[in-house]
Amino acid sequence: MNTLSTTICTTLLLSSVALTATNTEAAQFVAADNSPSTQICMAVSSNRPSQLYTTMRDLRISKTTTTDKLRCNDMSIAKFAGTYGFNKTAKYLNLETTTGTSIQDLAKLDQQTIMVVAGSK
């Protein structure tokens, strides 16, 4: 009986890990060009605050300019980060992304989607 419960728990654990891996690989973000605004949008899409900090520092763009003036794919940074779930970089930029409600179709996430990211001109 103990072996059966261990097998069931292991199967459930592996299933949840596989589901999580599928969800994180559902979208791949590709830069539309090499403009500074697109570089920052790509740094936001990395969801790594250290990469965003380095990109902003190298381009000499402040947090205020990024949050107030920059648009990614014709969306504000807050909406862009909230739509695609970039919570870590949104937190670094002091953006509130948890106020909206959305429904995700998990069956749709099985295929890999390539998203082209373009910054504001």
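One structure accompanies this document, and this report is about it. (Residues numbered from 1 in each chain as written. Predicted model: local features only at pLDDT ≥ 70, side-chain atom pairs only at ≥ 80, totals over all residues. Heavy atoms only, no water.)

1. Notes on the overall build of the protein chain
So, point 1. Check the secondary structure of the protein chain and you find six helices and four strands.
So, point 2. Mapped from its N terminus to its C terminus, the protein chain presents α and β elements in the order α-β-α-α-α-β-β-α-α-β.
So, point 3. Here the protein chain, with 121 residues, has 24% of them falling under the buried criterion.
So, point 4. Across the protein chain, contacts joining residues at least 24 apart in sequence account for 69% of those joining residues at least 6 apart.
So, point 5. Total accessible area on the protein chain stands at roughly 8,400 Å², and carbon and sulfur atoms take up 55% of it. (Helix = DSSP H or I, 4+ residues; strand = E, 2+ residues; numbered from the N terminus. Buried < 20%, exposed > 50% of the residue type's maximum accessible area, 1.4 Å probe, protein only. Contact = heavy atoms within 4.5 Å. Areas by Shrake-Rupley, 256 points an atom, 1.4 Å probe, with all protein chains shown as cover.)

2. A closer look at the state of the cysteines
So, point 1. Following the criterion strictly, the structure yields one disulfide and no others.
So, point 2. Cys41 shares a disulfide with Cys72; S-S distance 1.8 Å. Measuring the twist about the S-S bond at about -90°, one finds the Cys41-Cys72 disulfide to be left-handed. Here Cys72 lies in strand β2 (residues 71-72) and Cys41 lies in helix α2 (residues 36-45), a separation of 31 residues in the sequence.
So, point 3. When its relative accessible area of 0% is taken as the criterion, Cys72 is described as buried. (Disulfide = S-S within 2.5 Å.)

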